[in-house]
Amino acid sequence: MSNRYMLTLVGRDQPGIVARITAALYAAGANLGETSMIRLGSNFTVMMIVESETGDADLHTALQPVTESLQLVLHIDAIEAAFQQRPVPDACIVVYGADRAGIVAEVTGKAAAAGLNILDLESDIGGTEAEPLYILQIEGVASQGVDALEAALAPLRANGVRVDVRPIDTMIG
Amino acid sequence: MAVLEILVYPDERLRQDSLPVESFDAALQQRIENLEDTRLAGPGAVGIAAPQVGWFERVLIIDVSGRKKTTSHGRLVLVNPEITEWDGYAMGREGCLSVPDYTGNVVRAERIHLDAFDAGGKPLGFDMEGFEARAIQHELDHLDGLLFLDRLVSRRQDLFRRKVYKES
């Protein structure tokens, strides 16, 4: 029986969200694993793997005062997940260009067909309101190699999009 | 052949400074052999430093020659190594036998000049770059009680820029 949970919390950004969530979890005897916490737009988003011996109902109860006062949406799923043994990314893709619909679908579709398993993706809109600039960064495991990935994504350059594919060489010492 | 136990952080012994080797004797040769056996038994490590096996003298071994497209001086046993010149900097991903299952971004000098002695006490000098220079800097940190964790920079905020060439 799993005692690990994926907690998702989202709400309007304000100071103290992380401190209050983690303090409530600590007080409830829960233990944090990998987490991702980042501001998206004016929201703050939290995803965390939490280990708890007492179950998801107790996690809800422990977090209720925090989610109520900070107006956070909370979602909890029981998961099968180890705290460790993550795959190591060996490829990185950076894409940027004038913002347009469908760019993520195009890039990730071609990348998936060329064997990429995405481990981390983040995208941002920069530039000006009149001329927004889309920036996409992806890290993953290229199961068919970085050259295959490069070949699959190269045609996108014809559309005026900058695409940079390169290996991530991890030095283990 | 002797495969030694790798110290794993938070073992505080990884934090101590290692002492210069004073004598290039038979005992040193044996310890170097054990260090190499341990490196080869590990999961794909291109380098190892003596303190990682609880031997607190300034000795390291690196070998990046097995990597494609990598400038290399082959397998090197380096005693009392010292970097005397640094040039440029580059971001790269590192992991460590003493910090299992974690990798992170570290900024290192792109080119270095290294002075050292070989296992027999003969002076050596190398100009190194790229991956090999990175491996040396990582291992040399161990001799000074430092881990790559001490030099981590954000994973999220870097664009992992390679050199930018003008498109023709």
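As a starting point, this report considers the structure included with it.

Conventions adopted
- Residues numbered from 1 in each chain as written.
- Chains lettered and ligands numbered in written order.
- Predicted model: local features only at pLDDT ≥ 70, side-chain atom pairs only at ≥ 80, totals over all residues.
- Heavy atoms only, no water.
- Helix = DSSP H or I, 4+ residues; strand = E, 2+ residues; numbered from the N terminus.
- Rg over C-alpha atoms; globule rule 2.2 N^0.38 Å.
- Buried < 20%, exposed > 50% of the residue type's maximum accessible area, 1.4 Å probe, protein only.
- Contact = heavy atoms within 4.5 Å.
- Areas by Shrake-Rupley, 256 points an atom, 1.4 Å probe, with all protein chains shown as cover.
- Phe/Tyr/Trp six-rings, centres within 6.5 Å; stacked < 30°, edge-to-face > 60°.
- Lys NZ or Arg CZ within 6 Å of the ring centre and 35° of its normal.
- Salt bridge = Lys/Arg side-chain N within 4 Å of Asp/Glu carboxyl O.

Now for the overall build of chain A. When helices and strands are counted, chain A shows four helices and nine strands. Listing the helices and strands of chain A from first to last along the sequence gives β-α-β-β-α-β-β-α-β-β-α-β-β. Computed over its C-alpha atoms, the radius of gyration of chain A comes to 20 Å, more than 25% above the 16 Å expected for a compact globule of 173 residues. Judged by the C-alpha coordinates and their principal axes, chain A covers about 55 × 45 × 30 Å. Looking at chain A as a whole, 36% of its 173 residues are labelled buried. The contacts in chain A between residues at least 6 apart in sequence include a share of 69% that link residues at least 24 apart. As presented, chain A carries roughly 9,200 Å² of accessible surface, and 53% of it is formed by carbon and sulfur atoms.

Scanning all chains against the criterion turns up two aromatic pairs over all chains. For B:Arg67, the ring lying beneath its charged end belongs to B:Phe131, and the centroid distance is 4.0 Å.

This next bit is on the pattern of salt bridges. Residue and element names in this part refer to chain B. Summed over the entire model, instances satisfying the criterion amount to 18 salt bridges over all chains. A salt bridge links Arg15 to Asp150; the nearest nitrogen and oxygen atoms lie 2.8 Å apart. Taken together, the residues Arg15 in the segment before α1 (26–41) and Asp150 in the loop between α2 (130–143) and β6 (152–153) connect sequence positions 135 residues apart. Judged by relative accessible area, which is 27%, Arg15 ranks as partly exposed. Note that Arg151 is salt-bridged to Asp141, the shortest N-O span being 2.6 Å. Taken together, the residues span a long stretch of sequence, with Arg151 in the loop between α2 and β6 and Asp141 in helix α2 at a distance of 10 residues. For Arg151, a relative accessible area of 36% translates into the label partly exposed. Looking at Asp141, the relative accessible area reads 7%, which means it is buried. One continuous salt-bridge network, built from bridges that share partners, spans Glu94, Arg108, Arg134, Asp141 and Arg151.

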